[in-house]
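# Coordinates in review
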Amino acid sequence: MEVAARPKDSIKNRIVDILSNNAILFLMLLLVSVVAILYPRFLTLANFNNILNQISVIGCLACGMTFVLLIGCIDLSVGSMMSLIGIMAVTVANGGREWLAIILPILAAGAIGLIKGGIIAGVNGRLGESFITTYGAQSVLAALALIIQGGLFMMVTATGIFTRIGKGANPAYVFFALIVICQFILTKTSFGRKLLFVGSNPKAARLSGVNIKFYFLMAFMMCGLISGIAGVLLPSRVMSANPTAGTNYELEAIAACVVGGVSMKGGSGSFVNTLIGVIVIGVLSNSMNLLGLSSYPQMIVKGFVIALAFALDVVNKRRQMQRG
Amino acid sequence: MQEHILSMRGITKAFGSTVALDNVDLNVRAGEIHALLGENGAGKSTLMKILNGVYAADKGEILINGVPTVFRNIREAMAGGISFVFQELNLVLSLSTLENAFLGRLKSDSRGIIDWKSMTAEFNGFMKSIDFEMDPGRLVSELSIAEKQMVEIARALMLDSKIIVMDEPTATLSSEEIHKLFNIIRILKNKGITIIYISHRLEEIFQICDRLTVLRDGKNICTLDVAETTKPYLIEQMVGRSMDYEFPEREAHPIGEPVLDVKNLFTPGFLQGINFTLYRGEILGIAGLVGSGRSEIARAVFGADKIEKGDFWVDGKKVSIRSTMNAKALSIGLVPEDRKDEGSSIELSVMKNITITNLDKVSRGIVLNRRKEVREAKRMVQELGVKTPSIHHRLDQLSGGNQQKVVLAKWLYNDADILILDEPTRGIDVGAKYEIYLLIYEMVKRGKSVIMISSELPEIFALSDRIMVMYEGCLQTCVENHEGLKPEDIMGFALG
Ligand SMILES: Nc1ncnc2c1ncn2[C@@H]1O[C@H](COP(=O)(O)OP(=O)(O)OP(=O)(O)O)[C@@H](O)[C@H]1O
Ligand SMILES: [Mg+2]
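Each residue is numbered by its place in its chain's sequence as written, counting from 1. Here the convention is simple: chains get letters from A, ligands get numbers from 1, in the order in which they are written. Confidence filtering applies because this is a predicted model: local features only for residues at pLDDT of at least 70, side-chain atom pairs given and counted only at 80 or more, and all residues used for totals across whole chains, interfaces and linings. Calculation of side-chain values draws on the structure's entire complement of heavy atoms; hydrogens and water are dropped beforehand.

### So, empty space enclosed by the protein
Left-over empty space is what a probe sized like a water molecule reveals as it rolls over the atoms. Residue and element names in this part refer to chain B. Note the threshold: Method remark: on a 1 Å grid restricted to protein atoms, a set of points is classed as a cavity if a 1.4 Å probe fits but cannot get out and as a pocket if it is open with protein on both sides within 12 Å along at least five of seven lines; lining residues have an atom within 4 Å of a point. Grid points are joined across faces, edges and corners, and a volume is the space filled by probe spheres set on the points. Under the grouping applied here, Gly and all other residues not named as nonpolar or charged are polar, the nonpolar ones being Ala, Val, Leu, Ile, Met, Phe, Trp, Tyr, Cys and Pro and the charged ones Asp, Glu, Lys and Arg. Each domain's limits were defined by an automated method or a database of domain assignments.
By the definition in use, this model includes four cavities of 30 Å³ or more. The calculated volume of the largest cavity comes to roughly 80 Å³. Glu168, Thr170, Ala171, Ser199, His200, Arg201, Thr425, Arg426, Gly427, Ile428, Lys433 and Glu456 are the residues that line the largest cavity. Looking at the lining of the largest cavity, its residues break down into two nonpolar, five polar and five charged. No fewer than three residues from each of domain 1 (4-239) and domain 2 (258-494) sit in the lining of the largest cavity.

### Some thoughts on the pairing of strand β19 (residues 418-422) of chain B
All names here are of chain B. Inclusion rule: Buried, partly exposed and exposed residues are distinguished by accessible area as a fraction of the type maximum, computed with a 1.4 Å probe on protein chains only: under 20%, between the cut-offs, and over 50%, respectively. Strands here are runs of E lasting at least two residues and helices are runs of H or I lasting at least four, both read from the DSSP assignment and numbered beginning at the N terminus. Pairs of strands are assigned from DSSP output, requiring at least two bridges between the strands. Assignment of crossover handedness uses the view with strands pointing away from the viewer, where a clockwise path from the first strand over the helix to the second indicates a right-handed crossover.
In terms of burial, β19 is a largely internal element, five of the five residues being buried. Residues Ile418, Ile420 and Asp422 line one face of β19 and the alternating positions Leu419 and Leu421 line the opposite face, and both faces are buried. Two elements, β19 and strand β20 (residues 449-453), share five bridges in a ladder whose sense is parallel. Its bridge partner being in β20, Ile418 is matched across the sheet by Ser449. Note that the unit made of β19, helix α15 (residues 430-445) and β20 has a crossover that is right-handed.

### Description of the coordination of the magnesium ion (ligand 2)
All names here are of chain B. Short version of the rule: Because water is not among the atoms used, a metal site may look incomplete, as its donors are only the N, O and S atoms within 2.8 Å, or 3.2 Å for Na, K and Ca.
For the magnesium ion (ligand 2), the full set of protein donor atoms is Ser45 (OG) and Gln87 (OE1), and the range of their distances to it is 1.9 to 2.1 Å. Here Gln87 lies in the loop between β6 (82-85) and α3 (97-101) and Ser45 lies in helix α1 (residues 44-51), a separation of 42 residues in the sequence. Both residues of the pair, Ser45 and Gln87, belong to the buried class.

### Some words on the side chain of Glu98(A)
Residue and element names in this part refer to chain A. Note the following rule: For this analysis, a polar contact is any N or O atom pair within 3.5 Å, provided that within protein one partner can donate a hydrogen and the other can accept it, and provided that sequence-adjacent residues contribute only side-chain to side-chain pairs. By definition, residues are in contact when any of their heavy atoms lie within 4.5 Å.
Looking at the element boundaries, Glu98 is found in helix α5 (residues 98-122). There is a polar contact of 2.9 Å between the side chain of Glu98 and the backbone nitrogen of Gly160. Among all residues touching Glu98, those that are not within four sequence positions of it are Ala93, Ala158, Thr159, Gly160, Ile161, Phe162 and Thr163.

### Section: the interface of chain B and chain A
Selection rule: Defined in terms of a 1.4 Å probe, buried area is the accessible area two parts forfeit on being brought together, summed over both. Whenever a carboxyl oxygen of Asp or Glu lies within 4 Å of a side-chain nitrogen of Lys or Arg, that contact is scored as a salt bridge.
Contact residues are listed per partner, giving 47 residues for chain B and 32 residues for chain A. In total, chain B and chain A occlude about 3,300 Å² of area from one another, counting both sides; carbon and sulfur atoms represent 57% of this. Across the contact surface, chain B and chain A share two salt bridges. Among the ionic pairs, Glu373(B) bridges to Arg193(A), the shortest N-O distance being 2.5 Å. Counting every contact that joins chain B to chain A gives 12 residue pairs in polar contact (both at pLDDT 80 or more). Class assignment of the residues belonging to the side of chain B that touches chain A gives a composition of 21 nonpolar, 14 polar and 12 charged.

### With respect to the packing of helix α4 (residues 116-129) of chain B against helix α5 (residues 145-157) of chain B
Residues and elements named next belong to chain B. So the rule is basically this: Axis definition: a line fitted to C-alpha atoms, limited for helices to the stretch in contact. Angles are taken between N-to-C directions and run from 0 to 180 degrees. What sets the label is the angle itself: under 35 degrees gives roughly parallel, over 145 gives roughly antiparallel, 65 to 115 gives roughly perpendicular, and the rest give oblique.
With their axes 11 Å apart at the nearest point, α4 and α5 run at an angle of 110° to one another. Taken together, the axes of α4 and α5 lie roughly perpendicular to each other. Two secondary-structure elements touch here, α4 through Phe123, Phe126 and Met127 and α5 through Met150, Ala154 and Leu157. Its residues assigned to classes, the contact of α4 with α5 shows six nonpolar, no polar and no charged.

### Brief notes about the pattern of salt bridges
All told, the structure shown has 37 salt bridges over all chains when counted by the stated rule. A salt bridge links Arg299(B) to Glu342(B); the shortest N-O distance between them is 2.7 Å. Here Arg299(B) is found in helix α9 (residues 294-301), whereas its partner Glu342(B) is found in helix α11 (residues 339-343), with 43 residues between them in sequence. Linking Glu456(B) and Lys433(B) is a salt bridge whose minimum nitrogen-to-oxygen distance equals 3.1 Å. Of this pair, Glu456(B) sits in the loop between β20 and α16 (457-463) while Lys433(B) sits in helix α15; the two residues are 23 residues apart in sequence, bridging distant segments of the chain. Owing to a relative accessible area of 16%, Glu456(B) belongs among the buried residues under this scheme. Through salt bridges with shared partners, a single network forms among Lys203(A), Lys148(B), Asp338(B) and Asp341(B).

### Comments concerning the pairing of strand β3 (residues 33-37) of chain B
Residue and element names in this part refer to chain B. Along β3, five of the five residues are buried, which leaves the element largely enclosed by surrounding structure. The alternating pattern of β3 places Ile33, Ala35 and Leu37 and His34 and Leu36 on opposite faces, both of which are buried. Bridge analysis of β3 against strand β9 (residues 211-216) gives four bridges, and the strand direction is parallel. Its bridge partner lying in β9, Ala35 is registered against Leu212.

### Topic: the sheet that holds strand β14 (residues 309-314) of chain B
Residues and elements named next belong to chain B. Sheet architecture is open: four strands sit in the order β12-β11-β14-β15, paired in antiparallel fashion. The sheet terminates laterally at β12 (272-279) and β15 (317-319), the two strands that pair on one side only. Averaged over neighbouring strand pairs, the angle between their axes works out to 15° when direction is ignored.

### Quick notes on α5(B)
Given 3.6 residues per turn, any residue in an α-helix points the same way as the ones three and four places further on. Going by this rule: Expected helix span is taken as 1.5 Å per residue step, with the number of steps being one fewer than the number of residues.
In a regular helix each residue adds 1.5 Å, so 13 residues correspond to 18 Å; α5(B) covers 18 Å between its end C-alpha atoms and thus fits that length. With respect to burial, α5(B) is a largely interior element, 13 of its 13 residues being buried.

### Let's talk about the nonpolar core
The criterion, for reference: Definition of nonpolar core: a set of buried residues of the types Ala, Val, Leu, Ile, Met, Phe, Trp, Tyr and Cys, connected through side-chain atoms within 4.5 Å.
Core analysis: the largest hydrophobic core is formed by 164 residues, its most contacted members being Phe162(A), Leu260(B), Phe276(B), Val301(B), Ile332(B) and Leu384(B). If one sorts the elements of this core by residue count, helix α11 (residues 212-238) of chain A sits on top with 14 residues. Excluding its chain neighbours within four sequence positions, the residues that come into contact with Phe276(B) are Leu260(B), Asp261(B), Val262(B), Leu284(B), Ile297(B), Val301(B), Ile451(B) and Met468(B). Counting residues in each nonpolar core, the second largest holds 53 residues, with Leu188(B), Ile195(B), Cys209(B) and Cys222(B) among its members.

### Brief notes about the state of the cysteines
So the rule is basically this: Disulfide: a pair of cysteine sulfur atoms within 2.5 Å of each other.
Scanning all chains against the criterion turns up zero disulfides over all chains. Left without a disulfide partner, Cys257(A) is nearest to the cysteine sulfur of Cys63(A), which lies 8.3 Å away.

### Topic: the domain arrangement of chain B
Residues and elements named next belong to chain B. When cut into domains, chain B gives domain 1 (4-239) and domain 2 (258-494). For domain 1 and domain 2, the distance between their C-alpha centres works out to 28 Å. Facing the 28 residues of domain 1 at the interface are 24 residues of domain 2. Between domain 1 and domain 2 we count four salt bridges in total. Taken together, the elements giving at least two residues each to the side of domain 1 that touches domain 2 come down to α5, α6 (175-190) and α8 (231-239).

### A closer look at the sheet that holds strand β2 (residues 18-29) of chain B
All names here are of chain B. Strand order in the open sheet formed by four strands is β2-β1-β4-β5, with antiparallel pairing between adjacent strands. Looking at which strands have only one partner, the edges of the open sheet turn out to be β2 and β5 (67-68). Pairing geometry for strand β4 (residues 59-64) and β5, over two bridges, is antiparallel. Looking across to β5, one finds that Ile64 is bridged to Val67. Most of the contacts of α1 go to strand β1 (residues 4-15), to which it runs at about 115°, and overall it touches β1, β2 and β4.

### With respect to helix α17 (residues 487-494) of chain B
Residue and element names in this part refer to chain B. We count it as follows: To be clear, the arc concerns the directions from the helix axis to the C-beta atoms.
Restricting attention to buried positions, one finds in α17 the residues Ile490, Met491 and Ala494. End-on view of α17: buried residues confined to an arc of 100°, all on one side of the axis. Of the surrounding secondary structure, the elements contacted by the buried residues of α17 are α6, β13 (283-288), α16, β21 (466-471) and β22 (474-480). In the stretch just after α17, Gly496 is the one whose phi turns positive, near 90°.

Here you go:
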């Protein structure tokens, strides 16, 4: 097993390596510096809190999404699920049973996740099948939310615990706690290891005696549960629910994961990637808000950043391949 | 001096801290069949991947017909008249056999419409010329590893290249297919085509090659005429020490009670009522041609494929094996024949690939014990002599033979009572094979039982206590492997 020492790598090569491997972080740093110079307000504690508030709910969703991406699937229904869960939570909370209003919707979301996972496991599906299945689920859930709520806003009239969980820094705590717990599950438990292996090569996982259907189920259930948490936090924070509250959130969540470096092919990435992606997207949005960009140009910029993250990933892989 | 069609000079290539090639020269004469030999990880595949532009060399130059040439990718190499049969089969699983055979050069008629008819005709014509039957419409993901290998070969041979590089084309083939392949190689040679041939089966070198170059640890050792050398000398050049025997001496080991009984096993459209018994401490060899149903038995016993009917008894108890989980719970393990597709996850680390078969062994409850896992993985890597910079390197950074050792390691680590090995030494060099045979002996001496499927008859003969021969989904015979048994006896059954 002897290995000869490698001839000195050129400094230029090494710098290019460091730059290209962390390009997204460097770009963000650049952005932060520019915005900080233009707007000193950017680097204040108040704005920091502001960013945290903005990213926490999306962050939770991205966290759930990571499970599904890791196993090589996608879940397009978490946004509409969040809307439905919000309505459910507010309805129960306004009825006076506030603890139940927190727990029940989360469990319901987990159950919905199980159903989606069951269908996908049943057809031995991966990215393509999960795309179709969850796209279907998305329209079913969105329609349900609209039917139940009739397209109206719903104010939170409860006054107890339900109104407090989404306030202040609480969602941020929940988000960070989720990242820590999920990262632990992924890297330190046999459950996480098997999930990663299934995502990376389901055939080989099966031939290693792993119950792959179980892991597809579990990935979608975890995604469901965690989207349920996001679904409860949102109405508690904004004190209202409406049937389109979560529209397009799934895309933001997927974008955050991918920008952070979670692979859409499954089996590669971690919750640290997700954390980075969520922060990058959050800081980007915040900077653009401060710069006074309206929402459409913001969408264009975000789109470019996502495409850039993808392209960088491809270029890096190719460079690594060539140079080893 | 004869003209060199290809000259690679002073090629150096490092991957991180591993120097894969160190100032390597390769000179190939026009029209010859030139063998490239060396242990696992010697740098053979890397050298060929530098030729076709998959990797860029750190140093060195490539001359084709005396002209300095650099291909930046496979497409350019193909256009430059060089085609490749890759060791790790570069096929698109979701496409058909035909589409793969014409990958990157689909034919179209004058209107730009893809001309399936002429491609099918060309493909069928080619397959006929090598006397191999294959349905062009089948999805590659459904093919056996040997069939995949034939598609990969067909793709390279149909190109009409001047130089063809074959990286272990016979590793997954049995003697019949190899014979057919050699016929076509001889025809190509008569047409003046140059072939670079990589293989760990040294007999083949003496059958078809003209000259050879040996690499060891990324360095040139020698270049010789095949006619001037002998197998023991070659082995010495490759391994760096002399090896008296290719197989360890057979030792008598106690054979106990039946551990696995298979009765009346049928699989949809394949196995036709298979019956056999495996005893404790026994090595049961299964011989037969590719597609004769050897792997199907393995997969059925491991619960990997659906069976039509059939009963299994393990340790005298009737059991149902419906899934790989059932089989694993019964302490059955399977090393599958297709290491890339089914045996491993090439994007994950060596350690993660090894411990996946038994994570309980290295965890408390569900929490992994990192130190223990690292220790176990290191132990297996050492036991099998896997050449890797560390256990945290991705599997696709290892040479083909070393990947195969990892696939073996993962099931040896699990330490199942019944281990089924489907082509366990595929792509492994002579020295390492010897070590693996010792490990298999070690296992049966501890009371484990082994079913070994292999296309290499000498291997079956050297190791098995009994030999089963398959032909077209039927069990032809099952004989004691005694002194007087000859390979011809077995081949007769294998051919039906
Ligand atoms: N992409 C890569 N990244 C890092 N190291 C690599 C990579 N490819 C090959 N290596 C290393 O280079 C060395 C030579 O590998 P190579 O695949 O050329 O061996 P080989 O002679 O073809 O062996 P085998 O007979 O097992 O196929 C090995 O030590 C291997 O680990
Ligand atoms: Mg190789």
